[in-house]
Amino acid sequence: MGIGEVVKAVAKVPGKVTLLGEHAVVYGQPAIVAGIDRYVVVEASDLEGDEVDVYSEDISVKGVNARLGPGGAVYTCGEAIAEKAFSYVFEAIRQIRIISETVRGAAIRIKSDMPVGAGLGTSAAVAAGTCAAYSAILGLQLDPATLAELATKAELGVQGSSSGMDAHAVCLGGVNVVNKANERLTVSRLKIRGPLPLGVVETPREAPTAHAVETVARLRSRYPDLVDRLNSDIGAIVQDGVTTIESGNLTQLGELMNINHGLLSSLGVSTAAMEEAVYSARRAGAIGSKITGAGMGGSVVYLCDTDRKLGEVNSVLRNMGMVSSAVHTVEKGVSVTLV
Ligand code: MEV
């Protein structure tokens, strides 16, 4: 397809939950991550000139506009969290401009049913969706693995660090074990025996991902041997998790999630609200619950042994005033439709 033939591209990108292994993955340990049925939709349309206009209906604040011109980004609204979300868009545009060696204008419109900072991979999904939709209107056809690499670069540009786990999870979909060895992230798909009855509770975000990653790095600089042992224990939990998931042993997966949560808490990335959500879910009957994502607020994921129990736990948590909902793993990652 030649440049100029497509007028609009719509990218749909799922969110993700990390079942086991966040933070330790930054230090070369494996992690298990799953695409979920929460979505970010990014539309890109042709715009005269070389500026990029971005509009979001629902990324944390309603109706935010921004424009990327030669002098940088200008926001119509000073909400820091919206600026943060939009910086993933602009970094993604920059990545596509580098590989396409083209500077073309575009109007980008974003819809999301996950708030930024929820710990469900929204930032990675915004970056991946922008890469997918913008590259499509330039006539490029990028496969999900390439989009994941580009979205990881966009995350690195904003956050300064990223294992690439979130971008690969949202681009590839499915349940995957990821491993970052020698600066490359390898991904292998896990066969799951049946649906995983999962729910998430959203808690207030106290600090961004980069801060949570730095917190662990600072702790490690003071207690290198101790933190390395915690990280390799998390790696061992993940190794057990792989066989546990493939054998369909939900009870054991729940226990591994609980042990993993304790270690994440030891690394200093939990909050009072997250602990309350973790223990309320278990008290209500979940077989496992833990932080998912970087922590310091954001989401807690819980696992139940049946869908019926999931419904009960979800109701108990909602009646307690928590923002809880069931989520389902999805096989498909990023997809693009040309209009
Ligand atoms: C954030 O969702 C996951 C972390 O492991 C950071 C990363 O993998 O880049 C905390």
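Rules used in this analysis
- Residues numbered from 1 in each chain as written.
- Predicted model: local features only at pLDDT ≥ 70, side-chain atom pairs only at ≥ 80, totals over all residues.
- Heavy atoms only, no water.
- Near = heavy atom within 4 Å.
- Polar contact = N/O pair within 3.5 Å; in protein donor to acceptor, adjacent residues only side chain to side chain.
- Areas by Shrake-Rupley, 256 points an atom, 1.4 Å probe, with all protein chains shown as cover.
- Nonpolar A, V, L, I, M, F, W, Y, C, P; charged D, E, K, R; others polar.
- Domains from an automatic or database assignment.
- Contact = heavy atoms within 4.5 Å.
- Buried area = accessible area lost by both parts, 1.4 Å probe.
- Salt bridge = Lys/Arg side-chain N within 4 Å of Asp/Glu carboxyl O.
- Helix = DSSP H or I, 4+ residues; strand = E, 2+ residues; numbered from the N terminus.
- Buried < 20%, exposed > 50% of the residue type's maximum accessible area, 1.4 Å probe, protein only.
- Pairing = 2+ DSSP bridges.
- Axes fitted to C-alpha atoms, helices over the stretch in contact; angles between N-to-C directions.

Peer 1: Just give me the short version of the site of the ligand, but keep the residues and values in it.
Peer 2: Taken together, Lys 16, Glu 22, His 23, Val 25, Val 26, Ser 162, Ser 163, Met 165, Asp 166, Val 213, Gly 293 and Ala 294 make up the full set of residues near the ligand. Ser 163 places a side-chain nitrogen or oxygen 2.5 Å from an oxygen atom of the ligand. Within the side chain of Asp 166, a nitrogen or oxygen atom sits 2.8 Å from an oxygen atom of the ligand. Coverage of the ligand by the protein amounts to 95% of the 300 Å² it exposes when considered alone. Broken down by class, the residue content of the shell around the ligand amounts to five nonpolar, four polar and three charged.

Peer 1: Give a description of the domain arrangement of the chain that names residues and reports values.
Peer 2: Each assigned domain of the chain is listed with its residue range as follows: domain 1 (8-190 + 331-338) and domain 2 (198-327). Counting residues at the interface gives 27 residues for domain 1, matched by 40 residues for domain 2. Note on domain 1 versus domain 2: buried area summed over both sides is about 2,700 Å², and carbon and sulfur give 66% of it. Here domain 1 and domain 2 share two salt bridges between them. Two residues, Lys 290 and Glu 22, come together in a salt bridge whose shortest N-O distance is 2.8 Å. Where domain 1 meets domain 2, there are 10 residue pairs in polar contact (both at pLDDT 80 or more). At the level of secondary structure, the elements contributing two or more residues to the side of domain 1 that touches domain 2 comprise β1 (8-20) and β2 (30-46). In terms of residues, the side of domain 1 that touches domain 2 owes the most to one element, β2, which gives six residues. Considered class by class, the residues forming the side of domain 1 that touches domain 2 number 14 nonpolar, eight polar and five charged.

Peer 1: Can you lay out helix α4 (residues 165-172) for me, pointing to particular residues and giving the numbers?
Peer 2: Across the eight residues that make up α4, a large majority, six, are buried. Of the residues making up α4, those classed as buried are Met 165, Ala 167, His 168, Ala 169, Val 170 and Cys 171. Those residues of α4 that are buried are in contact with β1, β2, α2 (122-137), α3 (144-159), β7 (175-181) and β8 (184-189). The first or second residue beyond α4 is Gly 173, which carries a positive phi of 65°.

Peer 1: I'd like a description of the pattern of salt bridges, backed by residues and values.
Peer 2: Going through the model one piece at a time under the given rule, you end up with 12 salt bridges. The partner of Asp 166 in a salt bridge is Lys 16, with the nearest N and O atoms 3.3 Å apart. Of the two residues, Asp 166 is situated in helix α4 and Lys 16 in strand β1; the sequence distance between them amounts to 150 residues. Looking at Lys 16, the relative accessible area reads 1%, which means it is buried. Across the salt bridge formed by Arg 308 and Glu 312, the nearest N and O atoms sit 3.8 Å from each other. Of this pair, Arg 308 and Glu 312 both sit in helix α9 (residues 307-319), four residues apart, roughly one helical turn. Under the relative-accessibility criterion, Glu 312 is labelled partly exposed at 37%. Where salt bridges share partners, they join Lys 8, Glu 43 and Lys 111 into one cluster.

Peer 1: Go over the sheet that holds strand β12 (residues 323-327), please, and point to the residues and values.
Peer 2: For sheets, the rule is that strands pair by backbone hydrogen bonds, running either parallel or antiparallel. Taking strand neighbours across the sheet as the criterion, the four strands line up as β10-β11-β9-β12 in an open arrangement whose pairing is antiparallel. Single-partner strands in this sheet number two, and they are β10 (288-291) and β12. Pairs of neighbouring strands in the sheet enclose a mean axial angle of 25°, with direction left out of account. Pairing between strand β9 (residues 198-203) and β12: five bridges, direction antiparallel. Looking across to β12, one finds that Leu 198 is bridged to Val 327. Running over the sheet, α9 touches β9, β11 (298-303) and β12 and is turned about 165° from β12.

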